[in-house]
Amino acid sequence: MTTLSRRSLLAGTAGAIAATTLAAPYVRAQAAPIRIGVLHSLSGTMAISETTLRDVMLMLVEEQNKKGGVLGRRIEPVVVDPASNWPLFAERARELISVHRVSAVFGCWTSVSRKSVLPVFEELNNILFYPVQYEGEESSRNIFYTGAAPNQQAIPAVDYLMNEEKVQRWALLGTDYVYPRTTNRILDAYLKSKGVAAEDIFVNYTPFGHSDWQSIVAQVKRFGSAGKKTAVVSTINGDANVPFYKELANQGIKATDIPVVAFSVGEEELAGIDTGPLVGHLAAWNYFMSVDTPENKAFIDTWHKFIRNPRRPTNDPMEAHYIGFNMWVQAVQKAGTPDPDPVIDAMIGVAVPNLTGSIAAMMPNHHITKPVLIGEIQADGQFNVVWQTKGTVVGDEWSDYLEGSKDLIADWRPPMRCGNFNVRTGRCGGQS
Amino acid sequence: MGVLLRLVLCLALLIFAAFIQAPPTRAQQAAEDPVAAIAAASGFDELARAIDRLAVSGHPQALAIVEALRAGTLGQRAADRALLWRDAEGRFRDAATGEVVEGVSPRDVRPIRVNNRVRRSLDAALGALQLASPDPRVRLSAAERVFRARDPEAIPVLEAQIARETDPRIRRAMEWARAAALLASDRDVAAKVEAVATIRTRYDLDARGLLASLRDEPPEVMEAASAAIRAIDRHLALVHAAQDVVFGLSLGSVLLLAAIGLAITFGVMGVINMAHGEMVMLGAYTTFVVQDWIRDNAPHLFDHSLFIALPLAFVVAALAGVLIERTIIRFLYGRPLETLLATFGLSLMLQQAVRVIFGPNNREVGNPSWMSGSIELFELMLTRNRVAIIVFGFAVFFALLLVIRRTRLGLEMRAVTQNRRMAGSMGIRVPWIDSLTFALGSGVAGLAGVALSQIDNVSPNLGQGYIIDSFMVVVFGGVGNLWGTLVAAYTLGIVNKLLEPFAGAVLGKIAVLVLLVLFIQVKPRGLFPLKGRAVEA
Amino acid sequence: MLRALIGDRAVVMVAALVLAGAIGVAFANQSLPPTHELHASVFAVGLIGKYLCFALLALAIDLVWGYAGILSLGHGVFWGLGGYAMGMHLMRLIGPRGVYGHPVLPDFMVFLNWTELPWYWRGFDQAWFALLMVVLVPSVLAFVFGWLAFRSRVTGVYLSIITQALTYATMLAFFRNDMGFGGNNGLTDFRELFGFSLRDDGTRVGLMLASAVAVVLGLILCRLIVASRFGKVLIAVRDAESRVRFLGYRPEAYKLAALVVSAALAGIAGALYVPQVGIINPSEFAPTFSIEAVIWVAVGGRGTLAGAVLGAVLVNALKSWFTTAMPDLWLFALGGLFILVTLLMPKGVLGLVSALPTAFSRRGVIAERPA
């Protein structure tokens, strides 16, 4: 139902899909399609980020169906709109699983939406692919985290600044929610372990959508005048970034003086800013649109054709869905069934190529391996990769730098099958 | 030994010779010629070093190359690794000679990318190369660049330029640059102490940063530096306090602009327009459309885009206002609470309409060049866009005051507000005035949208972010009193900014809201309550 | 008393409808096999439970807006506080089963390095204390706020605007992680309530039934208030506050009492809502949510208790359907509904219904037209 209306909104593509899927030799007309859910906000405050992910999922499904679907069955996406409303996320997740009978769900952006649906997925035993970088401190049997954990983004970025830019003083600016809080706590512990003094770390939190950055930028400027090379680590979220970068540019903070490295600013966010004055500021991600690989080129071409706009950027969470979807397809093939239980077991160890020329593998902790790239903002709104990790980094669900979690590990393979195994007490905690 | 060994040796020699044949020439060439060194550089560090050398090489094309690198127009031809840059007309020029090279396709030339490390070298090089520029503004910024670069090798050039410089301001900047370079050199203690004294006279954060960065210097120098830092800190404490007030003024102007249209519709007409924020949003999107059109059709007009957008935004929002008044609000006069609900519904629809038309993402609205960057006034750093908004806020306010106090429309508006029936019987076309008043308020909100597009996101949520603040300002100032709105906006802005350094942005805002709620309990009619019969209307 | 109750037939009918509907759905879920075409899924049970909580909130708003003329655009604050009180109890009940296995501290406190439980979290492990707080916290806030506001005669639009400011400030405060309420993530991952597992279908049905009972009790309570002498004065205050004052009454006392009762009802509604949706987060305090809730009342019919309940269920059912079928159009529909209702149906749906001569007796159910 929803699927159809979404499709028809996406113009003539529906006809094209129908034609190709009918023509595909592997698809038998009588085989019931495999349904997957797409749980991204299409209205409300998060629509700005999540609508794109809905589109990318529809594209991936379409492409897969062109190749004959999976297990000889067509894949049918079921799109629902949780409207940026957290309780509604849980309600819609339940609807997808128990009413639409989907085999897996791709969705969520904010941590709170994931936290809201987590009990639903555990109760109804289904699968969620979560594509956004997050604060870690979680590993559920029913969730596969295809975005970055803090050690796949924040720590390499800080290492880069410390080694390449010789930064000694750190301003950690963030929006006041759990991802920046946790990331900054991890960074604080990490920096101190590297010999950075407490007075060389400045932490500041602002509310969502903060738009008046005058005082804080001035404060950063003052903080930067202590004779040590200073950098800003920004975990500022979404909407607050545009006014923040505008204020930086206007107060004359240049990347050559005080570089800003951001973890939540990608190509999509930069599309709303004149990037001229921001050239040289940095972002750490696991994917950039500008990465020059055949896989990425093909992905971007397909995306532009699908969305019918050659100027739409691609970004990191889109790549995460690309990886997650391909992993799911492989796991379904491996398990020989789309049923969640066998697929969950088959997922671990599945490896698919990512878009940056390496391999993403699903680890026993339900996180994946990712390369870490540091990019500098260019005048054209793209990132120029100036550094990247030698190989890929395994996502670390329980941070080693937090008091409560340093003894915890997750391993969903038998015999452990535990998301929070305490290596000190030797017990799997918290499982009711 | 014998023949075999000799043969092997010979072979080895041959191979060795063949191996080293090509590289030495290129390496040698690179060693002598800085342009070749740039061409041969692999990695950002080597590139930066090559640029450092280029800056002091006296190469006739050095400035052209540095500027091309900064602009991102320098590239390397794939075939022969020759450096070429693209001039303003789009022709390629040979970097070493500056001559036009014909027949180069842009596809064959790969641009040379730079990072922050390289950019710093470029800045330093540009400074050193432009110190002798005939343009005094260029010389001044060159001196600033050299100040930041702190390169001892620049000292002779600086000294030569200082002797020649006639403009006292530029000479001072050059002396600061020289002092900075001196501190980085291995000159004697006396020279360094003097350099510290010179830098101290800047009294700014850069000077403080530079002095604080001194390490392992003789005790005399360190003492002079720490004394200078203390002096600068004392000075800056005052400056920063003043700066906070300026920030407050700027925030106040934003609040004033956001609220002033509401002061008309709510304050004068008593209509609670929850879609007021969306009128602001319409203004911002008008700016976006204007700029989008200019980018595609008349790029030279970009700096004037805001002046084109202003009247259009006013008209767009005012028309929307008339439409709303005619179709919805006029049926609800005297029922303010119902208006509130209806206009809230309207605001949802407007937001969604914009989301459907323009997409949910932020749209890019650029700052014209005259609104970018900052100016310094009595050591206060004023960002140009904020100054423009402060000025614009006052301009709108006084224009509006003039309309209400001095025009026939204003007179009739006041008459209708005070006593609708009497005004009607005096021959004023009351419904007509209602429409015009509402249009005026909405139009002013549209104007505010043009201003806010310069500092905030242009997204469908733009209006929502301001609606509660706007109502607070109007209620705090006293409904129906434009002056009250002005005072309220600036008071709230300044209080907020003075609280922020202590309480943080979130608590500061909460504190202001709570204070406001309490204030209303004490003075339910705001700072400047209207007196007389209009009150109970 | 009984006569007062059955004096409003719409209330009786709606109460009966709510009870019958809830019991019917519960039966359809528990006793009919999933293959039966009338089987109600747990999903449906959850939806209805949610609508009923909204209905109770709408009832609370109608009591002050429809009968005392106080347009509160900040009832989300009472609703949210009730919800948080329940959420805190549910968090404490997780006990050592949190992911970090800490015996007392909730997970979000562990990983944000809290070492001990803040004082305001104490006692919430006891059900009676939490239930008391569900009612007490919103009531006390309403009392303080109302006492200040009504004493200085803040009325009408001004009152509406400062209630918005109140809920907005509360939202900002609860977003702060330093407050110790979990910040933006709020409170989630609840396990059990009164010893029943929240992941159990039976518990869900139970909660839905409890919500239905709460709505019915709320209807009875409000009807008794409205029909009493106190209610008559309240309506008089709504229609002509100055006259009531000149007659020697103290309108502020009546308004204050109504606001406190209403806040308590909203708190209970929020407390019932949280275990059913499984999360409480500061966005419940969002100013727009409070305004939306007022619209439910307007749609159903302001000043009619039955209308508030009907309106809430109707609008939210519409919302569920629209956001699934046509997500892009939902805001147009909602916005349009607001405008149409205020312009064309000032008495709401119930007003339309009662205009049909056969539907209700001539005595009518609609209170006098509000000023």
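Residues numbered from 1 in each chain as written. Chains lettered and ligands numbered in written order. Predicted model: local features only at pLDDT ≥ 70, side-chain atom pairs only at ≥ 80, totals over all residues. Heavy atoms only, no water.

## Observations regarding the nonpolar core
Moving on, step 1. Counting residues in each nonpolar core, the largest one holds 304 residues, and the members touching the most others are F325 and W328 of chain A together with F266 of chain B.
Moving on, step 2. When residues of this core are assigned to their parent elements, the largest contribution, 16 residues, is made by helix α3 (residues 42–68) of chain C.
Moving on, step 3. In this structure, F266 of chain B is in contact with V271, I272, F471, V474, V475 and V479 of chain B together with V157 and I161 of chain C, ignoring residues within four places of it in sequence.
Moving on, step 4. Core analysis: the second largest hydrophobic core is formed by 35 residues, L131, V146, I170 and L214 of chain B among them. (Core = buried A, V, L, I, M, F, W, Y, C linked by side-chain atoms within 4.5 Å. Buried < 20%, exposed > 50% of the residue type's maximum accessible area, 1.4 Å probe, protein only. Helix = DSSP H or I, 4+ residues; strand = E, 2+ residues; numbered from the N terminus. Contact = heavy atoms within 4.5 Å.)

## Comments concerning the domain arrangement of chain A
All names here are of chain A.
Moving on, step 1. When its domains are assigned, chain A resolves into domain 1 (2–149 + 292–372) and domain 2 (151–291 + 374–394).
Moving on, step 2. Between domain 1 and domain 2, the C-alpha centre-to-centre distance is 29 Å.
Moving on, step 3. If you look at the interface, domain 1 gives 32 residues, while domain 2 gives 27 residues.
Moving on, step 4. Area buried by domain 1 at its contact with domain 2 is led by Q133, E135 and V372, which between them contribute 27% of it.
Moving on, step 5. One can count zero salt bridges joining domain 1 with domain 2.
Moving on, step 6. For the pair domain 1 and domain 2, the number of links is 17 residue pairs in polar contact (both at pLDDT 80 or more). (Domains from an automatic or database assignment. Buried area = accessible area lost by both parts, 1.4 Å probe. Salt bridge = Lys/Arg side-chain N within 4 Å of Asp/Glu carboxyl O. Polar contact = N/O pair within 3.5 Å; in protein donor to acceptor, adjacent residues only side chain to side chain.)

## Observations concerning the pairing of strand β7 (residues 201–206) of chain A
Residues and elements named next belong to chain A.
Moving on, step 1. Among the six residues that make up β7, five are buried, leaving the element largely enclosed by the rest of the structure.
Moving on, step 2. Bridge count between strand β6 (residues 169–175) and β7: six bridges; the pairing is parallel. Opposite W170, over in β7, you have I201 as the bridge partner. (Pairing = 2+ DSSP bridges.)

## Observations concerning the sheet that holds strand β1 (residues 74–77) of chain B
Residue and element names in this part refer to chain B.
Moving on, step 1. Here we have five strands laid out as an open sheet, ordered β4-β3-β2-β1-β5, and antiparallel in their pairing. The open sheet is flanked by β4 (100–101) and β5 (109–111), the only strands paired with a single partner.
Moving on, step 2. Sheet analysis places strand β2 (residues 83–86) next to strand β3 (residues 92–94), joined by three bridges and oriented antiparallel. Residue L84 lies in a different strand from β3, and its bridge partner there is D94.

## Section: the state of the cysteines
Moving on, step 1. Under the criterion given, the structure shown has one disulfide over all chains.
Moving on, step 2. Bridging C418 of chain A to C428 of chain A, the disulfide has an S-S length of 2.0 Å. The chirality of the disulfide connecting C418 of chain A with C428 of chain A is right-handed, given an S-S dihedral of about 90 degrees. Highlighted residues: C418 of chain A in strand β18 (residues 418–422) and C428 of chain A in strand β19 (residues 427–428), separated in sequence by ten residues.
Moving on, step 3. According to the relative accessible area criterion, C418 of chain A is buried, its value standing at 1%.
Moving on, step 4. Unpaired in terms of disulfides, C222 of chain C finds its nearest cysteine sulfur in C53 of chain C, a separation of 15 Å. (Disulfide = S-S within 2.5 Å.)

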